Amino acid sequence: MLRILPEQGWRSGLRSARTAIGRAMDHQEGAMPLTISVFSDVICPWCYVGKRRLERALDQLGQRESTTIEWLPFELNPGMPADGMERALYRARKFGAERSAQLDAQMAELGRQEGIGFAFERMTRTPSTRRAHMLIAAAGQHGRADPVVDALFRAYFEEGRNVGDPDVLREIGVAAGLDRDVVDDALGDEQLSQRVEAVERQAAEMQIAGVPFFIVDRRWAVSGAQPTEQWLAALRAA
């Protein structure tokens, strides 16, 4: 079942989070029929699945183009070293090697059902995602957050690229339509890094403990990568 959560302090928290990041998210002038704020991490497979399922629902309702998506940062591993660590070691410590392999196989099968080609065998590092979130925030200021997020998911999960590497992030940002100077400035902006961290603190204060976490029109929230059918029912009833 779709979990539609009542306000738990996240309504005012969302306003504070969006202020802290400088509203550096997708934004278009004029009133929009629907705004969905998404707390997500680019190394979270369920976030990739959740994005696809939501997009499919919006497509079926004919609302994809008229919906504003705001991407907000949530680091699954906020203490990860800047250069990341070997994925096999990270997963073995977290789940055990055997359980890790089982989880990857299960997610790969789910991905096939969703049209996502998870290539866990190509992934060698678990990166820090701080710079990736800084890039997303900068992209939002230029109306390019959604293509950047999609490219980051694809690069990490389907191509096995290290999305903590500034060179990889620079390539992704430029390919998504950002000026190279904008990307370089974002990746080296300590104040932007601090604003990303401030939003993540707000998420904790909003009692957001896992991602993806969706806030729809600042009125109701959905936790987890819910099926498209559940999204359709909820959005029609909203």
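For the structure itself, look to the data block above.
So, here's what we can say about the structure. Here the structure is a predicted model, which is why all the values come from computation and not from measurement.

## Section: the overall build of the chain
A count of helices and strands for the chain gives 10 helices and 7 strands. For the chain, the residues scored as buried account for 53% of the 238 residues in total. Summed over its atoms, the accessible surface of the chain is roughly 11100 Å², and 46% of this surface lies on carbon and sulfur atoms.

## A short note on the nonpolar core
By size, the foremost hydrophobic cluster in this structure holds 62 residues, and its most contacted members are Phe39, Leu152 and Trp231. Looking at this core element by element, the count peaks at 9 residues for helix α6 (residues 145-158). Counting residues in hydrophobic clusters, the runner-up holds 6 residues, among them Met134, Ala137, Leu192 and Val196.

## Let's talk about unusual backbone geometry
Between Val211 and Pro212 the backbone carries a cis peptide bond, its omega angle lying at 5 degrees. Within the secondary structure, Pro212 sits in the loop between α9 (190-205) and β6 (213-216). Although it is not a glycine, Asp217 adopts a positive phi angle of roughly 50 degrees. As for its position among the elements, Asp217 is in the loop between β6 and β7 (220-223). Even without glycine at this site, Arg218 takes up a positive phi of about 60 degrees. Residue placement: Arg218 occurs in the loop between β6 and β7. Since its relative accessible area comes to 35%, Arg218 is described here as partly exposed.

Reading the values: the criteria
- Residues numbered from 1 in each chain as written.
- Predicted model: local features only at pLDDT ≥ 70, side-chain atom pairs only at ≥ 80, totals over all residues.
- Heavy atoms only, no water.
- Helix = DSSP H or I, 4+ residues; strand = E, 2+ residues; numbered from the N terminus.
- Buried < 20%, exposed > 50% of the residue type's maximum accessible area, 1.4 Å probe, protein only.
- Areas by Shrake-Rupley, 256 points an atom, 1.4 Å probe, with all protein chains shown as cover.
- Core = buried A, V, L, I, M, F, W, Y, C linked by side-chain atoms within 4.5 Å.

The values are spatial; any link to function lies outside them.
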